[in-house]
Amino acid sequence: MSRPPASNLALIVMIIWYAGMALLTGGLFLLGLMFGSEVYREGSMPLAEWARIAGPFLATAAFFTLSMWFWSNGKHRASIRVCAASVIVATLYMFLNGALYV
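Residues numbered from 1 in each chain as written. Predicted model: local features only at pLDDT ≥ 70, side-chain atom pairs only at ≥ 80, totals over all residues. Heavy atoms only, no water.

K.L.:
An account of the overall build of the protein is requested, with residue identities and associated values reported.
P.N.:
Within the protein, the regular secondary structure consists of three helices and zero strands. If you list the helices and strands of the protein from N to C, you get α-α-α. Counting across all 102 residues of the protein, residues that qualify as buried make up 21%. Of all intrachain contacts in the protein linking residues separated by at least 6 positions in sequence, the fraction that spans at least 24 positions is 61%. For the protein, the accessible area works out to roughly 7,700 Å², and carbon and sulfur atoms hold 72% of it. (Helix = DSSP H or I, 4+ residues; strand = E, 2+ residues; numbered from the N terminus. Buried < 20%, exposed > 50% of the residue type's maximum accessible area, 1.4 Å probe, protein only. Contact = heavy atoms within 4.5 Å. Areas by Shrake-Rupley, 256 points an atom, 1.4 Å probe, with all protein chains shown as cover.)

Below, the structure written as structure tokens:
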């Protein structure tokens, strides 16, 4: 007896989440480069400043890559857990940078 095919609804939701995060963090990356680099016109930006500007975009790309790798290898639960971890990391990053004042 054959098993029914697995639903791809979780994959669709993950792709929508990561597309939205890539747009938001990519836009913030460009804004950070535009305004953050004005302070360092005479020299190069410190590594900590680069990490703060590019960190969210790179983290989103890493989480997306890891999620899709798990999904393509048939480890759907691990893929969903990585996506949940990205939601937690994004929320913590916004909270630590003052975007979420409660």
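Okay, back to it.
K.L.:
Before we move on, could you go through the layout of surface pockets and cite the residues and values that matter?
P.N.:
The calculated volume of the largest pocket comes to roughly 510 Å³. Lining the largest pocket are 24 residues, and of these Thr 25, Leu 28, Pro 56, Tyr 93 and Met 94 lie nearest its centre. Secondary structure elements with two or more residues in the lining of the largest pocket: helix H1 (9-36), helix H2 (47-72) and helix H3 (76-96). Among the elements that make up the lining of the largest pocket, the one with the highest residue count is H1 (nine residues). Broken down by class, the residue content of the lining of the largest pocket amounts to 15 nonpolar, seven polar and two charged. (1 Å grid on protein atoms, 1.4 Å probe; cavity = no way out; pocket = protein on both sides within 12 Å on 5 of 7 lines; lining within 4 Å. Points joined across faces, edges and corners; volume = space filled by probe spheres on them. Nonpolar A, V, L, I, M, F, W, Y, C, P; charged D, E, K, R; others polar.)

K.L.:
Tell me about the environment of Leu 28, and please be specific about residues and values.
P.N.:
Relative to the assigned elements, Leu 28 resides in helix H1. Of the residues examined, Leu 28 reaches a relative accessible area of 57% and is grouped as exposed. Residues Leu 28 and Pro 56, spaced 28 residues apart in sequence, show a C-alpha to C-alpha distance of 8.7 Å.

K.L.:
Describe a nonpolar patch on the surface, and please don't skip the residues or the numbers.
P.N.:
Nonpolar side chains collect at one region of the surface, where Leu 28, Leu 31, Met 34 and Phe 35 lie side by side and expose about 430 Å² of accessible area between them. Turning to its location among the elements, Leu 31 is positioned in helix H1. (Patch = residues over 30% accessible without salt bridge, like charges linked within 9 Å, V, L, I, M, F, W, Y side chains within 5 Å. Salt bridge = Lys/Arg side-chain N within 4 Å of Asp/Glu carboxyl O.)

K.L.:
An account of the packing of aromatic side chains is requested, with residue identities and associated values reported.
P.N.:
In this description, an aromatic ring pair is defined by two values, namely the gap between the centres and the angle between the planes. Using the criterion set out here, one finds three aromatic pairs in the structure. Each ring, one from Tyr 18 and one from Phe 64, has its centre 5.4 Å from the other, and the planes form 70 degrees; the classification is edge-to-face. Of this pair, Tyr 18 sits in helix H1 while Phe 64 sits in helix H2; the two residues are 46 residues apart in sequence, bridging distant segments of the chain. A relative accessible area of 3% places Tyr 18 in the buried class. Judged by centre distance (6.2 Å) and plane angle (15 degrees), the ring pair of Phe 29 and Phe 57 falls under stacked. Of this pair, Phe 29 sits in helix H1 while Phe 57 sits in helix H2, and the two are 28 residues apart along the sequence. (Phe/Tyr/Trp six-rings, centres within 6.5 Å; stacked < 30°, edge-to-face > 60°.)

That is the geometry; function is a separate question.
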